Amino acid sequence: DAGITQSPRYKITETGRQVTLMCHQTWSHSYMFWYRQDLGHGLRLIYYSAAADITDKGEVPDGYVVSRSKTENFPLTLESATRSQTSVYFCASTSGGLIDNEQFFGPGTRLTVL
Amino acid sequence: AQSVTQLDSQVPVFEEAPVELRCNYSSSVSVYLFWYVQYPNQGLQLLLKYLSGSTLVKGINGFEAEFNKSQTSFHLRKPSVHISDTAEYFCAVVYNYGQNFVFGPGTRLSVLP
């Protein structure tokens, strides 16, 4: 299916475990983004990538790791999950700069860290 | 610091009534302004955006927004809401040709029958 997908949609894990959230887009968009959504904060940028093998930190990168070996995939890893990382995570992509190109969002992954 | 404020966390309104959702942003040399809508259990969808030109911008689903530079505001309006407009609405800003959005905290619009 064309579009942007995230897996899993729901995940429950325990403190200290490693978790990887997957994001896949079929448009060959250059830019991809990871956000977390928390009540009262809207969406906050964790990491973004301008192209394969190019990544950069956003507003709240601590505790997260990203990689982008292929254009279409942008996994987000929590190396040692903490309760404060309980959130809804959204992946997004766009073909170019945000000003002229629409950013498309995935359906989200709801992560609970116990 | 760059920030986006949405003063109303929740807005209840009756069906067919008008609604205004407020957004204010911190002043900057250049800003590009967006409104997104999030329906339950879905990702965000672009409603409209202001890049330049006319300060009144029309978007999808009958929504419009007005850019007011002197008041650093970008309020979203709809003259007559429908039950299906029930959703969370986010204001977002790109500052100074940046590579990322700064999002407001969101406003939950509840349309009542």
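Notes on the structure in this doc start here.

Thresholds, definitions, all that
- Residues numbered from 1 in each chain as written.
- Chains lettered and ligands numbered in written order.
- Predicted model: local features only at pLDDT ≥ 70, side-chain atom pairs only at ≥ 80, totals over all residues.
- Heavy atoms only, no water.
- Helix = DSSP H or I, 4+ residues; strand = E, 2+ residues; numbered from the N terminus.
- Buried < 20%, exposed > 50% of the residue type's maximum accessible area, 1.4 Å probe, protein only.
- Contact = heavy atoms within 4.5 Å.
- Core = buried A, V, L, I, M, F, W, Y, C linked by side-chain atoms within 4.5 Å.
- 1 Å grid on protein atoms, 1.4 Å probe; cavity = no way out; pocket = protein on both sides within 12 Å on 5 of 7 lines; lining within 4 Å.
- Points joined across faces, edges and corners; volume = space filled by probe spheres on them.
- Nonpolar A, V, L, I, M, F, W, Y, C, P; charged D, E, K, R; others polar.
- Phe/Tyr/Trp six-rings, centres within 6.5 Å; stacked < 30°, edge-to-face > 60°.
- Buried area = accessible area lost by both parts, 1.4 Å probe.
- Salt bridge = Lys/Arg side-chain N within 4 Å of Asp/Glu carboxyl O.
- Polar contact = N/O pair within 3.5 Å; in protein donor to acceptor, adjacent residues only side chain to side chain.

All names here are of chain A. Among the secondary structure elements, threonine 13 is positioned in strand β2 (residues 10-13). Look at threonine 13 and you get buried, because its relative accessible area is 6%. Setting aside residues no more than four positions away along its own chain, threonine 13 makes contact with Val19, Ala81, Leu111, Thr112, Val113 and Leu114.

To continue, consider the nonpolar core. Residue and element names in this part refer to chain B. Membership of the largest hydrophobic core comes to 30 residues, with the highest contact counts inside it found for Leu33, Trp35, Leu47, Leu48, Phe74, Leu76 and Tyr89. Sorting the residues of this core by element identifies β2 (10-14), β3 (19-21), β5 (31-38), β6 (44-50), β8 (64-68), β9 (73-78), β10 (87-95) and β12 (107-112) as the ones contributing at least two each. Look past the residues within four positions of leucine 76 in its chain and what remains in contact with it is Val19, Glu20, Leu21, Trp35, Leu47, Leu48, Phe63, Glu64, Ala65 and Tyr89. Among the nonpolar cores identified, the runner-up in size contains 22 residues, and Phe34, Leu44, Ala92 and Phe103 belong to it.

Time to look at the layout of surface pockets. For the largest pocket, the calculated volume is near 570 Å³. If you go around the largest pocket, you meet 31 residues; those closest to its centre are Gln37, Val88 and Arg110 of chain A together with Gln38 and Arg108 of chain B. When residues of the lining of the largest pocket are traced back to their parent elements, those giving at least two are β4 (31-38), β9 (87-94) and β11 (109-113) of chain A together with β10 and β12 of chain B. At four residues, the largest contribution of residues to the lining of the largest pocket is made by β11 of chain A. Residue classes in the lining of the largest pocket are distributed as twelve nonpolar, 14 polar and five charged. Approximately 210 Å³ is the volume attributed to the second largest pocket.

Attention now moves to the packing of aromatic side chains. A full pass over the atoms with the stated rule returns 17 aromatic pairs over all chains. Ring centres of tryptophan 27 of chain A and phenylalanine 104 of chain A lie 5.0 Å apart, and the angle between their planes is 45 degrees; on these two criteria the pair is classed as tilted. In this pair, tryptophan 27 of chain A sits in the loop between β3 (19-25) and β4 while phenylalanine 104 of chain A sits in strand β10 (residues 104-105), placing the two residues 77 residues apart along the sequence. For phenylalanine 104 of chain A, a relative accessible area of 31% puts it in the partly exposed group. Ring geometry for tyrosine 36 of chain B and phenylalanine 103 of chain B: centres 6.1 Å apart, planes at 55 degrees, overall tilted. Separated by 67 residues along the polypeptide, tyrosine 36 of chain B in strand β5 and phenylalanine 103 of chain B in strand β11 (residues 102-103) bring together distant segments of the chain. By the burial criterion, tyrosine 36 of chain B is buried, and phenylalanine 103 of chain B matches it. Members of the aromatic cluster, joined through ring pairs, are Tyr31, Phe33, Tyr35, Tyr48 and Phe105 of chain A together with Phe34, Tyr36, Phe90, Phe101 and Phe103 of chain B.

What follows covers the interface of chain A and chain B. On the side of chain B, 20 residues touch chain A, which itself brings 21 residues to the contact. Interface area, chain A with chain B, both sides summed: about 1700 Å², of which 61% is carbon and sulfur. Connecting chain A to chain B are zero salt bridges. Here chain A is connected to chain B by one residue pair in polar contact (both at pLDDT 80 or more). Every element with two or more residues in the side of chain A that touches chain B is listed here: β4 and β5 (42-51) of chain A. Residue classes in the side of chain A that touches chain B are distributed as twelve nonpolar, six polar and three charged.

All names here are of chain B. Note that alanine 17 resides in the loop between β2 and β3. Through-space distance from the C-alpha of alanine 17 to that of glutamine 71 is 25 Å; in sequence the pair is 54 residues apart. Setting aside anything within four residues of it in sequence, one finds alanine 17 in contact with Lys78, Pro79, Ser80 and Val81.

Fair warning: the whole summary comes from geometry, so function is off the table for now.
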